[in-house]
Each structure stands twice: as C-alpha cells, then as structure tokens.
Amino acid sequence: MIEILALWLLLLIFGGSFVAQVARRVRLVAAAPNNFSLDLLGFRIRRFVTDVVFQRKTIVERPFVGLAHAFVFWGFVAFAGFTATEFLKGLGIVDLTGTAWFHAYRLALAPFAVAALAGIVFLVIRRGIVRPVALGTHVSIESIVIGLFIAILMVTFLLDFRLEEGTPAARVNWWAHACVILAFLSLIPASKHLHLVLSPVTVFLKSPVLGTVPNLDFEKEEVGTEAIKDLKSKQVLDALTCVECGRCQVNCPAWESDKALNPKTLILQTKDALLAGSRDAKMVDVFDPGVLWQCTTCGACENQCPVGIEHLPLIIGARRGLVSNGEAPDYLGNVYNHMERRGNIWGLGYDQRQKFVESAGLEIFAAAKHEWLIWLGCAGAFEADFQKSLRSLFAILSAHGVRFGVLAKERCTGDVAKRTGNEYLFQELATQNIADLKAAGVTKILTSCPHCLKTIGDDYRRFGYEVQVVHSAVMVAELTRALRATDIESEVVTFHDPCYLGRYAGRTGEPRELLGRFGGELTEPARNRENPFCCGAGGGLLFEEKEKGTRISDVRFGQLRATGAGTIVTACPFCSIMLKGSQASAQSEIQVVDLMTFVNGRLQRMPGRTPGSP
Amino acid sequence: MILVVAEQLDGRLNRASWEAIAAAQQTGGPVKVVVLGAQAGAVAADLAAADVAEVLVAEHPSLERYTADGYVLALAQIAGAEQPELVALPHTYQTRDFAPKLAARLDRALITDCIGVRPHDGGRVFVRAMFQGKLYADVLPAGPAPHIVTFQIGAYRADAVARGSSAAPTRALSLTIDASAVRQKPEAPFKEAKQAVDLSQAERIVAVGRGIKGQEHLAVAEKLAAALGAELAASRPICDAGWLPMDRQVGSSGQTVAPKLYVALGISGAIQHLVGMKGSSTIVAINKDPDAPMFEVADYGIVGDLFEIVPALTKALNG
C-alpha cells in the first residue's frame, strides 16, 4: 500500500513536471501563426515509415551511429507496453503482469534490451570520449546522464530475470527502474531529448518538397520574419525538436569553409529566444552577425536533418524581414536593380539576348509549331560560355527532331530574389513570366539551368501555374538512350552535382548515364549525388565575391581536383561560373565543361555521325 | 543670359561645374556663373578665369551646409533678380536633389541629364539619352523662361571652357533667407570608408587577367598603363592571388567602371568581370584564346601573345 502511494506521489511530481514543461512548449507552438500542412498525405505516411520507423536519415549518413540510435529507438517503442503494464500494477489500478501474453512479451523484449544497451553504450562512448565535432565543443553532461539512465533501465530490466519475484532485491531493482523512468520523464522536455516526443510529428509535418518557402501575402501585409513573434508554428516546432546531432552543420558549405554560419546554431538560438519569451527579439539580433547572408540555399541542412527541421524557410524568412527593411547587402542592391530594370541578374541589355537568339537560329515559340519551350535563363541569354553549352543542346535536339522555340522576351525567373528574400520582386517577375508563358500556350519547358527548374517547376506552382519542366540532362539522356557509343576513347571525368539538380530535383542518375554512354569514365568526388557540396553561387552569393573564410567554390574545386580527373563536368551555369573562377585562381589545367558540351563534343567525334545525330 | 549654377563643397569647386560652364558657352549668348554657400567666395576667383560676363557670389549663413530648402530659396531669388533665359546646372547628386523643387517653385520647365543643345527656331532644343542610351530624344522646353537644364557629367569637356582675356568681374549678392524656412537640419557630412583607388573616375584603364601568368609580369601592364596615362585594374583571379590589391578588382563585386578606354590584357571575360566594365566606351581586348568571351564585347580585338603585343604597343605610344 505504501509502495502504491509512493508511486502515485512520485508520478504526480515527475509526471506533473513533464506535463507542465511540455504544455509550455505546446503553448509556444499554438501561439504562432499556424502553417501546418498535410498535403501529399500518402508521401508523408511513406516518409514517416522510412524516416521514423526505419530511421533512414539517421542511418544513411552515419551507419554505425544511426544503427545504434535505431536500437535504442526500437527498444523504447518496444518497451512502451511493458512500462505501462508495470505502472498500472504499481499504481494499484490493474495487474496484468501475471498473464501469459505479458510473460511472452517480456521474454521478447530481452533481445531489444540487449540491443538498446549495446547501442546506448556505443553512443555514450562516442559522445563522451570520441567527441565528434558535429556534437559541439563541450560534452553535454545531460546527454551522458540520459545515456546512463537508458543503460540502467536496460540493466535493471535484464537483472529482473535473475531475481526471484517478491524478494527485497527484486523490489529494489523494480524501484530503481521505476525511479529512473520518472526522472527521465522530467528531464526530457528541457533537453534535446524532447525529440523523442516531437520528432515523429515534425517529420510528418515537414514539407514534402525541399526548400518550400511559401509566398508572402502582401494583401495581409506580410513582410517576412522580422522578429521571433513572426515565426510560424512549424518553425517553432522545428526549433523545439532539434536533437543537436550536427548533421546540418557538417554538411553546410558555409560552415565547412570557415564562415560563421552554422545551421544548428541558428535553430538553437531560435529555440533559446523562444524559451526566453523574447517575442520581440529581431531575428538578425538572435543570430550571429552576417550569418543570414552566408547561406547558399544549397539545402544540405534541411535535407540531412533526421528530425524534420526546415532551415530554408527560417533563413529566407529572416532575409525577407531584412530586405523589407532595406537591409540587404550592397551587392544585392545592384542585382535587384538589374532584375527590376533589365529583367536579368547581370543588368545587361536585352539586345544581347536577341543577338544570341538570332545567331543560334532559334525560333520564337508558337504552340502550333513547337512542342517544347526552351527557357534560356539569365545565363543562357547572356553568358558566352553557357551559350556554347546551349548551342550543343540545340544541336542534339534538332538532330532528334525535337521541335522547340524560345519566348520573344524572358525575364529572370526570380530565383535570386526568392532565395534572398526579396519576395516582392520575385512575385512581380513570376506573375509576369507566368502570364507570358500562358499567353504563348506553353505546356512543356526545357531548361539547362537547375535554378530555373526549381523556380518554374516548384515556386511557380504556388501561383497556380502547373507546367512540365525538364532539365536538359534528363531530356538528352532519354533522347540518346538507344545510342551505343562505339569507337570512342574514354576519358576520366568527375561530375559536380548541382544542388538544384541533384539535391532539389533528385536527378543524379541521368547525368551519370550520359557520361557513361559517351565515354566518360566517372570518378566520384567527395560529396556527390543527392548530397553534393555547393559551388557557392546559390542564394545570391554568386554576386558576393568578398567571401569570409575560404571561398566555397575553392573548397569544392579542391574536392573535384582531388579525384584526379582531367575534366570536371557539371550541369548548371552558376556551378560552371564558380568552378571556372576557382580553376582560374588555382591556375589549374583541369577543364570545366557543361554536360551538354561534353555530350555534343563526344557525339561529334563519333565516326560517321553528323553532330548530334542519332 | 544663361545662368550657370556652380557647385562647391568646403571651398572646393566640383569639377562638373566647368562642364556646365562649357555647355553654357557653347550654347551661345552671355553667361553668368553663380556659386552658393558659406565659403562660395573661395572659388569665385577660379571661376572668374572663365570667359563669362560675371561671377555672382551668394554667401549666406543659411547656406553654410547644403539644404534643398536653402538652395531653392536662394536660387529663386537670384533667378528673379537676374532674369536669365536659362539656368544650367551640372547633373550632380546635389542638383538631382533640389532641381525638381526649384523648377516647381518657379513653375518652369526642367530638362535633366542633357548631353547636348542645338539651336532650333530661334530657341534651343536639348538632347537627352533614353532607354539606357539606346535612343536620343530632342526635347523642347515649354512655357516661359527661365528653363532649367542639367547637363550629364562627362557630356561636355571641362577643359573646353573658354578662358577670358582678363578675370571676369565678381559681384556679391545679398540674399534674405528666413532661417526658419529651411526645414532640413543637415548633420555633419561624412565619407564612407573610401577606397584607395577610385577606378570609377578613371578615363582610361588597363586591366590584367590570368593571362599575365605571374606577378613578376605585371610590369608589362604597368608600363602600358603609364604610357596611356591609365589606371591599372584586374580581374578576380589576380586579386585573389594577391598580385594586386582588392580595390583594383573590376567586376560584379569589385568596382564598376565606365572609362573611355578599357584595355583588357589576358582577361577571358567571365560574366562577373564583364558586368563591371561593359559600360566602357571603347574596349580593346588582347588574348591568346580567340574564343574568349571578352572578344564578344570588345571594339578592337587582338588575338595573340600579350607579351609580344603589349611591349610593342607601349613602345609605339612612347615613340
């Protein structure tokens, strides 16, 4: 009887503490403007199964750590019924421990307990002794304590098999187990272990599309995230969910090139400000100076996060807050001017695009005549190197009988404006472009620029504009699928996956398919496929040439050069500009070529073939 | 009579004032120059060297620091007293600030950023560039005189000002300005951290790129720059390598330049560089690679080894 009362008392104290702490956080989420979305429910359910139940994101990047974590996680889930049954008995409500199914359940738990124990010992050693950089500079005592708690729970559970029921030793063991659970309960909410409770929800609520940053509604006078109180409910949930694993940090090109930006720190600073109740704190003051403008929007942080945090809406939201107050960096002021006045990021006159259109013999798109619209983009319209690549693309398309045309006039899609938080400019460009595309009757768009791909293919959807947009690598891979290159000498190449092609669009297979088909002997660089290392151009940083730390493009160029390949192939005009810049600075002899140039060059060298012919 | 409004700061004349005087002289008719400020007298003697009818000095405590209200009050009075047919100003930032207000106050036509004047039907027609210089428009001012005209900087040459045989007479104007009518209270002027080299003011630039191969070869370019009286500039890789300081970098994040002559030595012409110098009047490119994008924008291109061409060019210039 005394034991029952004691357990009730302890449960009220520790359970009450848990509830009070969790309720405080729930209120923070509830107080924020609601932006929870459940679109694409089927995808969300599938992702929940792979990422929560089977721990995909946790395991893929760090297999050993991920597996150890999965053992602990599965142990927790498996033990839920056991703990509940024991507490029901201990509280004198109902005793189910004598039933046959409970005995079977208890026996079945033994392997889980052993696995969880092994897992947690491994994790505690890693955190306390190995101390990888991603986990921060100081050892979290609280994490060690919680690790020990989990170990004690498993040991006491296993010990119970060896103790005779009802003996004092068994009771002490039982109480030790129960007390640790209660203490654990009250420790969870104030620690990163709150992810136990929140991360399944956060993962479920994460946008199905990487880098989803919903439009601002100017009718409602939205200007972006100026202060903590402007954070939306998912962003508050994100901050409270962070498990501080540092996957975002070690994959961040800014952090890897000695800049101040650390995505993990952004989330933790947001969390601290939320918990401190600093509703009016300006985001720019919450974060370290300058970090908001060091993000290339490569998406690595958001994509690698195992607990469903979306960093891009946070960073771009805060940028919007700054831009709306005229606090964008100077170099962006020029770019915005160029986009406003000239409709392109370079500020060049449209006669130069016209010259290219004429010299390349391009036709103006007519729905009756052409199947595909080629979207040239700012680089395609003005950048001489990239125009070479486009001419290669045109040659391949023509040889395959593809009927294509271009718009008489294009504006920039607004990618730089969107990613840097100049939402007004973005929406102006987007609505004008959409009107032009609709008026021309365009249904299929082909582009060689992965940024245009993302902007037209995803961001324009939020204006209700649905159109098929395809990157040239995908299209040409399909067109040339029946070709078998013979008599073509092979060449060692490496491929730099553009973030907006590999990570955002998931198109990692087609470029490799093309390289393989046309004699490219691929040697993969560090960081490839859907987790590439950014070239440094995204998020408006193409125009920021006075980078702090090492240039991101130099770091990437170093990784590519380390493959020993004689040629770096890429498939994005911005990547190409950045890597060529680093190549020139490094006085290196490695060639940087666009995928289309590579393919067409190879086609031309194939014996008995006219350029691009099937 | 044409009244030119010269601009001075702390007793130093803005060079563009000479251009406005040259424009006024070439327009025809007598020219007077007025200069405003607390130390306007300091530049009167300089201005009197020009072949003008008179130099008017408007000193007043309310004009100590530039304010739009103060300048408009003063110039409205002066225009009323002198009755010019035309008020000519250099198209400086200061002029941009107060000229529209002055025109509204006088209720007279304002034509900004002109690059030329032609006689027309006994009056004048003014030429303005439109659509970033793609078109020129002839503009006739409507309504009674004085018309107010601002001249684009660089459209007239300062050294084309006709000098008088003797100094022009100087006359001090007495103005009544009610200090309370000046609503702006300017803070002390400040300068942003100034770059050591202001390439944007250079008339001629010799720029080097990766084709220069090594820091030790910079002398080749320096000699050409000296022969041309040009500033030395560079593309990003050169400044990245530390061969030249960052403030000599031309490009999207370096300086944006628009000299009369831009000589690009061994610069391939990456787009970030092109956007920083595309406004140059005449571009000369010297590069080994005939496919270099720089040739796309160049007016004159030489495909060849810059180490042969540049010394020969320097020798010819010095010859």
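Residues numbered from 1 in each chain as written. Chains lettered and ligands numbered in written order. Predicted model: local features only at pLDDT ≥ 70, side-chain atom pairs only at ≥ 80, totals over all residues.

Caption draft 1: Molecular detail of the overall build of chain B. If you tally the helices and strands in chain B, you get 9 helices and 16 strands. Dimensions of chain B along its principal axes, counting C-alpha atoms only, are 65 × 45 × 40 Å. The 319 residues of chain B split such that 41% are buried. Put simply, of all contacts in chain B between residues at least 6 apart along the chain, 64% involve residues at least 24 apart. (Helix = DSSP H or I, 4+ residues; strand = E, 2+ residues; numbered from the N terminus. Buried ≥ 20, exposed ≤ 12 C-beta atoms within 10 Å, placed from the backbone. Contact = placed C-beta atoms within 7 Å.)

Caption draft 2: Expanded view of the environment of B:Val5. All names here are of chain B. Among the secondary structure elements, Val5 is positioned in strand β1 (residues 2-6). With 16 residues separating them along the chain, Val5 and Ile21 place their C-alpha atoms 8.7 Å apart. Excluding residues within four positions of it along the chain, Val5 makes contact with Val34, Leu75, Val87 and Leu89.

Caption draft 3: The domain arrangement of chain A, seen in detail. All names here are of chain A. Each assigned domain of chain A is listed here: domain 1 (2-203), domain 2 (218-323), domain 3 (334-477) and domain 4 (484-605). Put simply, the middle of domain 2 and the middle of domain 3, counted by C-alpha atoms, are 31 Å apart. Of the residues lining the interface, 8 residues belong to domain 2; the matching set on domain 3 comes to 6 residues. For the side of domain 2 that touches domain 3, the per-class residue count stands at 4 nonpolar, 2 polar and 2 charged. (Domains from an automatic or database assignment. Nonpolar A, V, L, I, M, F, W, Y, C, P; charged D, E, K, R; others polar.)

Caption draft 4: Molecular detail of helix α2 (residues 41-53) of chain A. The terminal C-alpha atoms of α2(A), which comprises 13 residues, lie 17 Å apart, in line with the 18 Å expected from a rise of 1.5 Å per residue. After α2(A) finishes, the residue A:Gln55 shows a positive phi value of roughly 60 degrees. (Expected span 1.5 Å × (residues − 1).)

Caption draft 5: Spotlight on the domain arrangement of chain B. For chain B, the assigned domains read domain 1 (2-181) and domain 2 (199-318). One C-alpha centre belongs to domain 1 of chain B, the other to domain 2 of chain B; they are set 37 Å apart.

Caption draft 6: Representation of the nonpolar core. Counting residues in hydrophobic clusters, the biggest one holds 170 residues, and the most contacted among them are B:Ala207, B:Ala264 and B:Leu265. The next biggest cluster of nonpolar side chains, apart from the first, holds 53 residues, and it includes B:Val5, B:Val43, B:Leu56 and B:Leu73. (Core = buried A, V, L, I, M, F, W, Y, C linked by C-beta atoms within 7 Å.)

Caption draft 7: How the structure looks around the sheet that holds strand β4 (residues 31-36) of chain B. Residues and elements named next belong to chain B. The 9 strands lie next to each other as β9-β8-β7-β10-β6-β1-β4-β5-β11, forming an open sheet whose pairing is mixed. Looking at the sheet topology across the chains shown, the edges are occupied by β9 (135-139) and β11 (170-173). The average undirected angle you get between the axes of adjacent strands in this sheet is 35 degrees. Both strand β6 (residues 86-90) and strand β10 (residues 147-151) contribute to a ladder of 5 bridges, which runs parallel. Within β10, the position partnered with Leu86 by the bridge is His147. In the packing of helix α1 (residues 16-27) onto the sheet, contacts are made with β1, β4, β6, β7 (110-120), β8 (123-130) and β10, and the angle to β6 comes to roughly 145 degrees. (Pairing = 2+ DSSP bridges. Axes fitted to C-alpha atoms, helices over the stretch in contact; angles between N-to-C directions.)

Caption draft 8: Up close: the packing of helix α26 (residues 552-561) of chain A against helix α27 (residues 573-585) of chain A. Residues and elements named next belong to chain A. The interhelical angle for the contact between α26 and α27, taken along N-to-C directions, is 80 degrees, at an axis separation of 9 Å. Between α26 and α27, the angle falls in the class roughly perpendicular. Where α26 abuts α27, its residues Ser553, Asp554, Arg556 and Phe557 lie against Met578, Leu579, Gly581, Ser582, Gln583 and Ser585. Class assignment of the residues belonging to the contact of α26 with α27 gives a composition of 3 nonpolar, 5 polar and 2 charged. (Parallel < 35°, antiparallel > 145°, perpendicular 65-115°, else oblique.)

Caption draft 9: Broad picture of the confidence of the model for chain B. Across chain B, the average pLDDT comes to 91, with 98% of residues at 70 or higher. As scored by the predictor, the complex reaches a pTM of 0.83 and an ipTM of 0.75. (pLDDT = per-residue confidence, 0-100.)

Caption draft 10: Representation of the environment of A:Ala68. Among the secondary structure elements, A:Ala68 is positioned in helix α4 (residues 63-90). For A:Ala68, the contacting residues outside a window of four places in its chain are A:Gly119, A:Phe122 and A:Leu123.

Caption draft 11: Here's a closer look at unusual backbone geometry. Omega for the peptide link from B:Ala145 to B:Pro146 comes to -5 degrees, which places this bond in the cis form. With respect to the helices and strands, the residue B:Pro146 is situated in the loop between β9 and β10. Phi is positive for A:Leu40, which is not a glycine, with a value near 50 degrees. Here A:Leu40 is to be found in the loop between α1 (2-31) and α2. For A:Leu40, a count of 13 C-beta atoms within 10 Å translates into the label partly exposed. The residue B:Lys213 is not glycine, and still its phi comes out positive at about 70 degrees. On the secondary structure map, B:Lys213 appears in the loop between β12 (204-208) and α5 (218-228). Classification of B:Lys213 as partly exposed rests on a count of 13 C-beta atoms within 10 Å.

Caption draft 12: Local environment of the interface of chain B and chain A. Contacts between chain B and chain A engage 16 residues on the former and 18 residues on the latter. Residue assignment for the side of chain B that touches chain A shows that the elements contributing at least two residues are α6 (236-240) and α7 (271-277) of chain B. Residues belonging to the side of chain B that touches chain A are distributed by class as follows: 6 nonpolar, 5 polar and 5 charged.

Caption draft 13: Molecular detail of helix α22 (residues 450-457) of chain A. Here α22(A) lies mainly inside the structure; 8 of its 8 residues are buried. All buried positions along α22(A) are accounted for by A:Pro450, A:His451, A:Cys452, A:Leu453, A:Lys454, A:Thr455, A:Ile456 and A:Gly457.

Caption draft 14: How the structure looks around the confidence of the model for chain A. Residues of chain A with pLDDT of at least 70 account for 98%, and the chain-wide mean is 94. Every residue in residues 610-614 of chain A scores below 50 in pLDDT, and together they form 15 contacts with partners more than four places removed in sequence or on other chains.

Caption draft 15: Here's a closer look at the pairing of β4(B). Residue and element names in this part refer to chain B. With 5 of 6 residues buried, β4 lies mostly within the body of the structure. Here β1 pairs with β4 via 5 bridges, running parallel. Of the residues in β4, the one forming a bridge with Ala6 is Val35. Sheet topology places β4 next to strand β5 (residues 54-58); 5 bridges connect them, and they run parallel. Note that in β5 the partner of Lys32 across the bridge is Glu54. Once the chain exits β4 it traverses helix α2 (residues 41-48) before rejoining the sheet at β5, and the crossover so formed is right-handed. (Right-handed = clockwise from strand over helix to strand, strands pointing away.)

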